[in-house]
Amino acid sequence: MPSNVVVFPAALECVFDQEGFETAANKPDDVVLKTLYSVVSAGTEGALYRGTESWAKHPIKPGYGAVGEVVALGEQVTDFKLGDIVFTYGNHATYVRAKRMMLKVPDGVDPKLAVMARMAQVSFTSLRVADAALGDTVAIIGQGLVGNIAAQLFTLAGCKVIGIDVMPSRLALAERCGVEHTINALQEDVVERVKEITDGRLCATVIEASGIPDQALTAARLAGKKGEVVLLGSPRGEFRDDAVDLLNQVHLWDRGCVTFKGAHEWRLPDKASPKQHYKHSIEGNLLTYFDLVRRGKLNIEPLISHVVKPEGCADIYAQLHGKNEEFMGVLFDWKD
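Conventions and cut-offs
- Within each chain, residues carry numbers counting from 1 in the order of the written sequence.
- Local features are withheld for residues below a pLDDT of 70 in this predicted model, meaning they are given only at 70 or higher, and side-chain atom pairs are given and counted only at 80 or more; totals for whole chains, interfaces and linings count all residues.
- Side-chain measures here rest on the full set of heavy atoms in the structure, leaving out hydrogens and waters.
- To pair, rings of Phe, Tyr and Trp, with the six-membered ring standing in for Trp, must have centres within 6.5 Å; the planes then decide the type, stacked if under 30 degrees apart, edge-to-face if over 60, and tilted in the middle.
- Numbering of helices and strands starts at the N terminus; helices are DSSP runs of H or I of at least 4 residues and strands are runs of E of at least 2.
- Throughout this description, buried means an accessible area under 20% of the type-specific maximum (1.4 Å probe, protein chains only), exposed means over 50%, and partly exposed covers the range between.
- Strands are labelled as partners when DSSP assigns at least two bridges between them.
- Only C-alpha atoms enter the line fits that serve as axes; for helices the fit covers just the stretch in contact. Angles between N-to-C directions range over 0 to 180 degrees.
- For this analysis, residues touch if any pair of their heavy atoms sits within 4.5 Å.
- Any carboxyl oxygen of Asp or Glu that lies within 4 Å of a side-chain nitrogen of Lys or Arg is treated as forming a salt bridge with it.

### Some details on the packing of aromatic side chains
Each aromatic ring pair is described using two quantities: the centre-to-centre distance and the angle formed by the ring planes. All told, the structure shown has ten aromatic pairs when counted by the stated rule. Relative to Trp334, the ring of Phe16 lies with its centre 6.2 Å away and its plane at 35°, an arrangement referred to as tilted. Of this pair, Phe16 sits in strand E2 (residues 15-20) while Trp334 sits in the segment after strand E15 (329-333), and the two are 318 residues apart along the sequence. Residue classification places Phe16 among the partly exposed positions, given a relative accessible area of 27%. Relative accessible area serves as the criterion here: at 6%, Trp334 is assigned to the buried category. On the basis of an interplanar angle of 55° and a centroid distance of 6.3 Å, the ring pair of Tyr317 and Phe332 is categorised as tilted. You can see Tyr317 sitting in helix H10 (residues 313-321) and its partner Phe332 sitting in strand E15, a full 15 residues away along the chain. A connected cluster of aromatic rings, assembled from ring pairs, spans Phe87, Tyr89, Trp266, Tyr289 and Phe290.

### A short note on the sheet that holds strand E11 (residues 203-208)
The strand order across the open sheet built from six strands is E10-E9-E8-E11-E12-E13, with neighbouring strands paired in parallel fashion. At either margin of the open sheet sits one strand with a lone partner, and together these are strand E10 (181-184) and strand E13 (259-262). Shown here is a sheet whose adjacent strand axes are inclined to one another by a mean of 20°, direction ignored. With four bridges connecting them, strand E9 (residues 160-165) and E10 associate as parallel partners. Within the sheet, the bridge partner assigned to Ile164 lies in E10 and is Ile183. Each of strand E8 (137-141), E9 and E11 is contacted by helix H4 (residues 145-156), which is oriented at about 175° to E8, the strand it contacts most.

### Thoughts on the pattern of salt bridges
Throughout the structure, instances matching the rule amount to 22 salt bridges. Its salt-bridge partner being Lys112, residue Asp110 comes within 3.2 Å of it at the nearest N-O pair. Classification of Asp110 by relative accessible area gives partly exposed; the value is 29%. Its relative accessible area of 19% is what places Lys112 among the buried residues. Three or more residues joined by partner-sharing salt bridges are found here, namely Lys81, Asp84 and Lys104.

In short, geometric facts, not functional conclusions.
So, in structure tokens, the structure goes:
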């Protein structure tokens, strides 16, 4: 069976290709999906497109998450039936063989919103890692897709949230999604503005969601005494600021004794395990996301800026590479 697929043959190249795909269930645990939607990760896939990820070699078949209809099942599969709509971690292709994080999309959850669970899972990690509690002030640097959803999650947790970015459109979207305070870092002194909002106390928690290495120092400066900085965005590029200044924010009491934490999504297990004392898991985060969306607690629809046919993938990645401000959540629509 022919299956269309998005491919990066080389750095800064993207093609809409076709390959053979066996849609039958060849193994007892096979779950084969015909894709409805797949979601683009501007951060990871953008780095793969540029060819800057040392662990990945071209040609690359990118993809982060997909939602599709079950078209074939192995004989040992009991959790799904033919025709079910299922979320999985899959690449951009007409057909995918689900291998990780296979979850049935609950009734009442739009598949377009369901596939966004892949990006929300990244955001969830910051909430699971942080010590922020009800009433704490949390600043989130970067109001792209991951930062915006993180801001919404901390707001739901009862925190006073400050969204920081340099793009007016993203700040306006953050406000639309319920973020209480926003700061344009190109127009205001971020530290002084945060001091005004917090009456000089600064923040209990700062989430660095942009992935820009220099913003780690900004994050440390926004944290109050014994505050924490959570690195949510994967750092890419060079740190060009004062490393000693950054280390002193961590080391010296009069600079805050700030704690740094990593929030890479893979620090959580796939499934919770009471025996290993894992309270949270990737699966648990995804199920919580579905529940919040179903109950209207998360504003996800406004974050979807583009729903396009995958034939236009080359233009999409070129636009993302150019940091087009209009692009936020991008979905490929694979339906016939």
